Amino acid sequence: MKKQLLEQFTQIFTANEPVRSFFAPGRVNLIGEHTDYNGGHVFPCALTFGTYALISKRNDRTIQLYSTNFPDVGIISLSLNDSFTLNKEHDWANYPKGVINEFLQKGIKLDHGFDMLFYGNIPNGAGLSSSASVELATAVALQAIYETDFSRVELVKMSQHAENEFVGVSCGIMDQFAIGMGQEDQAILLNCQTLEYQYSPVVLQDASLVIANTNKRRTLADSKYNERRSECERALKALQSEVSIESLGDLTPEQFESYSHFIPNEIDQKRAKHAVYENARTILAVEKLNNGDITGFGQLMCESHASLRDDYEVTGFELDTLVEEAVNQDGVIGSRMTGAGFGGCTVSIVKNEQIEKFIQDVGKNYHEKTGLTAEFYVANVGDGAKEI
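Residues numbered from 1 in each chain as written. Predicted model: local features only at pLDDT ≥ 70, side-chain atom pairs only at ≥ 80, totals over all residues. Heavy atoms only, no water.

So, about the pattern of salt bridges. One pass over the full model with this rule turns up 22 salt bridges. Among the ionic pairs, glutamate 325 bridges to lysine 369, the shortest N-O distance being 2.6 Å. Of this pair, glutamate 325 sits in helix α10 (residues 317-327) while lysine 369 sits in helix α11 (residues 355-370), and the two are 44 residues apart along the sequence. For lysine 369, a relative accessible area of 49% translates into the label partly exposed. Close ionic contact of aspartate 361 with lysine 357 constitutes a salt bridge, the shortest N to O distance being 2.6 Å. (Salt bridge = Lys/Arg side-chain N within 4 Å of Asp/Glu carboxyl O. Helix = DSSP H or I, 4+ residues; strand = E, 2+ residues; numbered from the N terminus. Buried < 20%, exposed > 50% of the residue type's maximum accessible area, 1.4 Å probe, protein only.)

Here we come to the sheet that holds strand β2 (residues 41-42). Sheet architecture is open: three strands sit in the order β2-β7-β8, paired in antiparallel fashion. Looking at which strands have only one partner, the edges of the open sheet turn out to be β2 and β8 (197-201). Pairing of strand β7 (residues 186-191) with β8, which is carried by five bridges, proceeds in the antiparallel orientation. In the strand pairing of β8, leucine 189 is matched with glutamine 198. (Pairing = 2+ DSSP bridges.)

Let us look at helix α5 (residues 174-181). Since the α-helix turns once every 3.6 residues, residues separated by three or four places project in the same direction. Burial of α5 is extensive: eight of the eight residues sit out of reach of the surface. Looking only at α5, the buried set comprises Met174, Asp175, Gln176, Phe177, Ala178, Ile179, Gly180 and Met181.

Next up on the list: the packing of helix α9 (residues 294-310) against α10. With their axes 12 Å apart at the nearest point, α9 and α10 run at an angle of 155° to one another. By the angle between their axes, α9 is roughly antiparallel relative to α10. Every pair of crossing elements has a handedness; the one defined by α9 and α10 is left-handed. For the pair formed by α9 and α10, the contact residues are Cys302, His305 and Arg309 on the first element and Leu319, Asp320, Val323 and Val327 on the second. Taken together, the residues that form the contact of α9 with α10 break down as four nonpolar, one polar and two charged. (Axes fitted to C-alpha atoms, helices over the stretch in contact; angles between N-to-C directions. Parallel < 35°, antiparallel > 145°, perpendicular 65-115°, else oblique. Left-handed = near helix turned anticlockwise from the far one by under 90°. Contact = heavy atoms within 4.5 Å. Nonpolar A, V, L, I, M, F, W, Y, C, P; charged D, E, K, R; others polar.)

The nonpolar side chains of soluble globular proteins are, as a tendency, buried together. Leu65 and Phe114 are the most contacted members of the largest nonpolar core, which totals 48 residues. For this core, the element with the most residues is helix α3 (residues 130-145), which contributes 10 residues. Those residues in contact with phenylalanine 114 that lie beyond four places of it in its chain are Ile55, Ser56, Lys57, Arg58, Thr62, Ile63, Gln64, Leu65, Ile100, Leu142, Ile145 and Tyr146. Counting 30 residues, the second largest nonpolar core, distinct from the first, contains Phe43, Leu128, Leu300 and Val347. (Core = buried A, V, L, I, M, F, W, Y, C linked by side-chain atoms within 4.5 Å.)

Of note in this structure, glutamate 147 is not a glycine but carries a positive phi near 55°. Within the secondary structure, glutamate 147 sits in the loop between α3 and α4 (152-167). Located in the positive-phi region is leucine 195, a residue other than glycine, with phi close to 65°. Tracing the sequence through the fold places leucine 195 in the loop between β7 and β8.

Here we come to the packing of aromatic side chains. One pass over the structure, following the stated rule, counts 13 aromatic pairs. Consider the rings of phenylalanine 49 and tyrosine 377, whose centres lie 5.8 Å apart with planes at 50°: the pair is tilted. Placement of the pair is phenylalanine 49 in strand β3 (residues 44-57) and tyrosine 377 in strand β12 (residues 375-379), with a sequence separation of 328 residues. Relative to tyrosine 199, the ring of tyrosine 197 has its centre 5.7 Å away and its plane inclined at 85°; by these criteria the two rings are edge-to-face. What makes tyrosine 197 partly exposed here is its relative accessible area of 37%. By relative accessible area, tyrosine 199 is classed as partly exposed at 25%. Among the aromatic residues, those joined into a ring-pair cluster are Phe23, Tyr52 and Tyr119. (Phe/Tyr/Trp six-rings, centres within 6.5 Å; stacked < 30°, edge-to-face > 60°.)

This is the structure in structure tokens:
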């Protein structure tokens, strides 16, 4: 892969300086969905597929960006003499531009330009965080060529800030954190309010993670995501008038049941219920995984999906169909949607000897019911962003 990309790099750019190579993974969240912006816990892990970025210094102040995934966009050429702003025509390149802008905003003197080539093998639009992967690949590459000394957590925060403020997507910290801080064969229990975190080995005994992509275009995801955030913010505000809390993640399910009547809007109440219960589920799920109770972990995954379907209402027919078909298969320990919802992916724990049949049967039944063809990936848990 690296050799092939290097050949492409030299065809597209004239490299006068050595070319350095970087990789940032995609991520999948095992449990803890829509809790990150509600001050709760998430439990993601980095994957072994992601974004490759090759970079070479230039001796002028020009920056050239190119993605082999979007050849029609061509080379995006920028100058360090100009201010960086969002440009719809720059398409995918707004993500690395946002990160470059973060370095400039931090007062880093970018005294030379660079050429940079990207290649990603994360399925586009699958909800496995291709945008955050591009951001972290850019961040670790810039750290290396400009010899800055930001901590890894600082690079994670800068990447999130770039997506929030430059690109204009109000994402939480989870995607960038999982991609920046991932470790091979480990998932991360992250408190999104305090950024306290701990690693847990993903030891599934005789089973594996299987990701299924609905291949449904996620047309509603962004608008509904913003809508859900607003509903949770209203619920929090209503609770704060009566209870001293900073976020919905501060409440236990028992406390929520005592205080929920303070939320006048029934819809807002349902959204807050999901955030509180999902947070508790996530903490319990990690305990079960650490104790080797894979069955208990899988049961909580299924409960998570039901809450996302009924209380948070972000699943939709395709995701629900994939999960329903999954749990009806022999050897399935748990299954749920992962990501923002309204399309994207499910993640399931499947006994190794049943994986082939699982992919065949779930794929067939899903196609019959939806007319769409799902794609399946047996996921390996990999390292975070790094030079390769």
